[in-house]
Amino acid sequence: LSPESIASELPAAGKEGGEYVPYEFTPLTNCLQNGVEVEVGGPVLGAVVNVTADLSVAVEAVAKGKTLREKAEALQFLTDGQKNAYAGFSSVVGAAKEAGKPVV
């Protein structure tokens, strides 16, 4: 079977009685074709943080700094895993706080 023959047998958007069949997924556009506008990311209900060893070390190092400069210097000397853990943590917590939701 060729792609053209397969495509002719599948229901297509806009045909009478047919439903939309997505051939690819993209998070950048709403391909639902149902008239519902999808908000990017959806509503924030809260944040759940699982503290790993890397995150624990990173948070302790940053918490020791009293000034912004000391905190930035502490981040400079962390491993890549610790930096990534702290970046993810601060991003998730920031989104939850901005939405006024709890962080657990």
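Residues numbered from 1 in each chain as written. Predicted model: local features only at pLDDT ≥ 70, side-chain atom pairs only at ≥ 80, totals over all residues. Heavy atoms only, no water.

Draft legend 1. Molecular detail of the packing of aromatic side chains. Counted by the stated rule, this structure contains one aromatic pair. Centre to centre, the rings of Y86 and F89 are 6.1 Å apart; their planes meet at 50°, and the pair counts as tilted. Remark: F89 and Y86 occur in helix 4 (residues 80–98); sequence separation between them is three residues, near one turn of the helix. (Phe/Tyr/Trp six-rings, centres within 6.5 Å; stacked < 30°, edge-to-face > 60°. Helix = DSSP H or I, 4+ residues; strand = E, 2+ residues; numbered from the N terminus.)

Draft legend 2. Summary view of the packing of helix 2 (residues 53–64) against helix 4. Remark: helix 2 packs on helix 4, axes separated minimally by 8 Å, with the N-to-C direction vectors making an angle of 80°. Overall, the two elements helix 2 and helix 4 adopt an arrangement that is roughly perpendicular. Contact residues: D54, L55, V57, A58, V59 and V62 in helix 2; G81, Q82, A85, Y86 and F89 in helix 4. Along the lines of polarity and charge, the residues of the contact of helix 2 with helix 4 split into eight nonpolar, two polar and one charged. (Axes fitted to C-alpha atoms, helices over the stretch in contact; angles between N-to-C directions. Parallel < 35°, antiparallel > 145°, perpendicular 65-115°, else oblique. Contact = heavy atoms within 4.5 Å. Nonpolar A, V, L, I, M, F, W, Y, C, P; charged D, E, K, R; others polar.)

Draft legend 3. Spatial organisation of the environment of L45. Relative to the helices and strands, L45 is located in the loop between helix 1 (3–9) and helix 2. In this structure L45 comes out as exposed when scored by relative accessible area, which is 71%. Each C-alpha atom, one on L45 and one on V103, is 9.6 Å from the other, the two residues being 58 residues apart in sequence. (Buried < 20%, exposed > 50% of the residue type's maximum accessible area, 1.4 Å probe, protein only.)

Draft legend 4. Summary view of the side chain of Q82. Its place among the elements puts Q82 in helix 4. Looking at Q82, its side chain comes within polar contact range of the main-chain nitrogen of T79, at 3.0 Å. In this view, Q82 contacts D54, V57 and A58; residues no more than four positions away in its chain are not counted. (Polar contact = N/O pair within 3.5 Å; in protein donor to acceptor, adjacent residues only side chain to side chain.)

Draft legend 5. Geometry of helix 4. Over its 19 residues, helix 4 extends 27 Å from the first C-alpha to the last, a length consistent with the 27 Å expected when each residue adds 1.5 Å. Within the sequence span of helix 4, burial applies to Q82, Y86, V93 and A96. For helix 4, the buried positions fall inside an angular range of 100° around the axis, keeping them on one side. Exposed residues pointing more than 90 degrees away from the buried face of helix 4 are listed as D80, N84 and E98. Packed against the buried residues of helix 4 are helix 2 and helix 3 (68–76). (Expected span 1.5 Å × (residues − 1). Arc of directions from axis to C-beta.)

Draft legend 6. Fine view of the environment of E70. For E70, the position within the fold is in helix 3. In terms of polar contacts, E70 uses its side chain to reach the backbone amide nitrogen of K66, at 2.6 Å.

Draft legend 7. Inspection of the pattern of salt bridges at higher detail. Using the criterion set out here, one finds one salt bridge in the structure. Between R69 and E73 there is a salt bridge, and its shortest N-O distance comes to 3.0 Å. In this pair, R69 and E73 are both assigned in helix 3, four residues apart and thus about one turn of the helix distant. Judged by relative accessible area, R69 falls into the exposed class, the value being 63%. Exposure remark for E73: the relative accessible area of 35% places this residue in the partly exposed category. (Salt bridge = Lys/Arg side-chain N within 4 Å of Asp/Glu carboxyl O.)

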